[in-house]
Amino acid sequence: EEAAAARVGLCVLCGLPAAGKSSLARALCRRLPQRLGWACAVLTYDELIPPEAFGQQEAGPDGASPLVPRWKRSRREVLECLERLLRTLLARDPPPDPAPPTWERFVACCWQQGLHAGSLRTPGPLYFILDDNFYYRSMRHEVFQLARTYSLSFCQVFLDCPVECCLQRNSLRSHPLPDQTIRLMASKIEMPDLKKNAWEQNSLILKSSDCTSEDNEQIISLLATALENPVKLTEENTEQKETDRAICAASAVHQADQMCRRIISQAMKEAKDKNVTPSQMKSLAEELNRLKAEFLEDFRQGINLKPQICTEHQCSDPATSASASFQRDATNVINKYTCK
């Protein structure tokens, strides 16, 4: 079983919508069994996450601040489902019940690709191709952590496609995304940094506006190299270090949250002084709170992957520098209501 464990790989495909990820995933799923005899399954997040998860934001307990969006919870559930499958594959203890809500959809996806209990015991390598935008590095790091937990292989393929090319391709789709969504993602996307992050060393950045051929030798080489070098679970005791970093990160997030609240409070006071109507005041408050929730989530994602900020006496620095960004975005929202 230990030998089998080292022959399972997780490959993350990332990039903007319409960059060519799904075409590449399908091509790899055809080519790897034909050419190398490897089993392969594509996990396409757009198919695994139910459409309703991208619907209207849920309200929080206070009726204004949103909870973690459903689509983000659904992303976590996809990895939970993958872990359940991996535990079966690696003959580990049964996963805890109940299964995530996405489990039935996940199993159906695997079954349609011929991946079921019988095929899991084949002697050859097995690759899971995870097809999603993965625009934050932290999203990809979650997959790496899963690989590390079970000593699996891990690699990344980033399709660096020009925004205008993605927009053009997107416009031809039957259900295109809003251009604004793609442009916003382009402003936030974090490419793999092979020099700074040791865990991203098995990565390939393809600068091309064309669909990548399944015969791309670089990708095959990357997959093979990763397969021969599964991620090792580090023996170093980092528990206290992680605890200290988490405390510091929480402090930075708290600082950012307090700054956002002060900015919103001041904005509401100014809007009231300018005789903004009650209904508009309500809309303004809702929009600013949504903006705050998104800002804090982005801030938290960045903090979680920058432990160097957690040196002594520096916890508030990231929040201070980030507040200008929130102030700018909040001002744009406020102007819609006051500059009429």
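Residues numbered from 1 in each chain as written. Predicted model: local features only at pLDDT ≥ 70, side-chain atom pairs only at ≥ 80, totals over all residues. Heavy atoms only, no water.

By the naming in an unreviewed UniProt entry, the chain goes by PSTK kinase and is assigned to Upupa epops.

The end-to-end C-alpha distance of helix α4 (residues 70-89) is 29 Å, a good match for the 28 Å that 20 residues give at a rise of 1.5 Å each. The first or second residue beyond α4 is alanine 91, which carries a positive phi of 55°. (Helix = DSSP H or I, 4+ residues; strand = E, 2+ residues; numbered from the N terminus. Expected span 1.5 Å × (residues − 1).)

Within the fold, arginine 87 resides in helix α4. Although buried, arginine 87 forms no salt bridge, and the nearest oppositely charged side chain, glutamate 83, lies 4.5 Å from it. Among the polar contacts listed, one links the side chain of arginine 87 to the side chain of tyrosine 150, at a separation of 2.8 Å. Residues in contact with arginine 87, not counting those within four places in the same chain, are Arg92, Asp93, Pro94, Pro95 and Tyr150. (Buried < 20%, exposed > 50% of the residue type's maximum accessible area, 1.4 Å probe, protein only. Lys, Arg positive; Asp, Glu negative; His and termini not counted. Salt bridge = Lys/Arg side-chain N within 4 Å of Asp/Glu carboxyl O. Polar contact = N/O pair within 3.5 Å; in protein donor to acceptor, adjacent residues only side chain to side chain. Contact = heavy atoms within 4.5 Å.)

Let us now look at the pairing of strand β4 (residues 153-160). Among the eight residues of β4, seven are classified as buried, and the element is accordingly described as predominantly covered. Bridge analysis of strand β1 (residues 8-15) against β4 gives seven bridges, and the strand direction is parallel. Across the sheet, glycine 15 pairs through a bridge with leucine 159, a residue of β4. Direction of pairing for β4 relative to strand β5 (residues 203-207): parallel, over a ladder of five bridges. Looking across to β5, one finds that phenylalanine 158 is bridged to isoleucine 205. (Pairing = 2+ DSSP bridges.)

This paragraph deals with the pattern of salt bridges. Applying the stated criterion across every chain, the model contains twelve salt bridges. Note that aspartate 160 and lysine 207 form a salt bridge whose closest N and O atoms lie 2.7 Å from each other. With aspartate 160 in strand β4 and lysine 207 in strand β5, the pair connects residues that are 47 residues apart, well separated along the chain. Assessed through its relative accessible area of 66%, lysine 207 is described here as exposed. The salt bridge involving glutamate 287 is made with lysine 336; its shortest N-O contact spans 2.6 Å. Highlighted residues: glutamate 287 in helix α11 (residues 278-304) and lysine 336 in helix α12 (residues 317-338), separated in sequence by 49 residues. Here glutamate 287 falls in the buried class, since its relative accessible area comes to 18%.

As a further point, take the nonpolar core. The biggest cluster of nonpolar side chains holds 70 residues, and the ones touching the most others in it are Leu43, Leu82, Tyr127, Phe128, Ile129, Leu130 and Leu223. Ranked by residues supplied to this core, first place goes to α4 with seven residues. Those residues within four positions of leucine 43 in sequence are excluded, and the remaining contacts are Leu48, Leu82, Phe106, Cys109, Cys110, Phe128, Ile129, Leu130 and Asp131. Counting residues in hydrophobic clusters, the runner-up holds 22 residues, among them Ala271, Leu291, Phe295 and Phe326. (Core = buried A, V, L, I, M, F, W, Y, C linked by side-chain atoms within 4.5 Å.)

Turning next to the packing of helix α2 (residues 21-36) against helix α9 (residues 217-228). It is at 12 Å that the axes of α2 and α9 come closest, and there the two elements cross at 70°. Classified by the angle between their axes, α2 and α9 sit roughly perpendicular to one another. Considering the relative orientation of α2 and α9, their crossing is right-handed. Residues Leu24, Leu28, Leu32, Arg35 and Leu36 of α2 pack against Glu217, Ile219, Ile220 and Leu223 of α9. Of the residues that constitute the contact of α2 with α9, the class distribution is seven nonpolar, no polar and two charged. (Axes fitted to C-alpha atoms, helices over the stretch in contact; angles between N-to-C directions. Parallel < 35°, antiparallel > 145°, perpendicular 65-115°, else oblique. Left-handed = near helix turned anticlockwise from the far one by under 90°. Nonpolar A, V, L, I, M, F, W, Y, C, P; charged D, E, K, R; others polar.)

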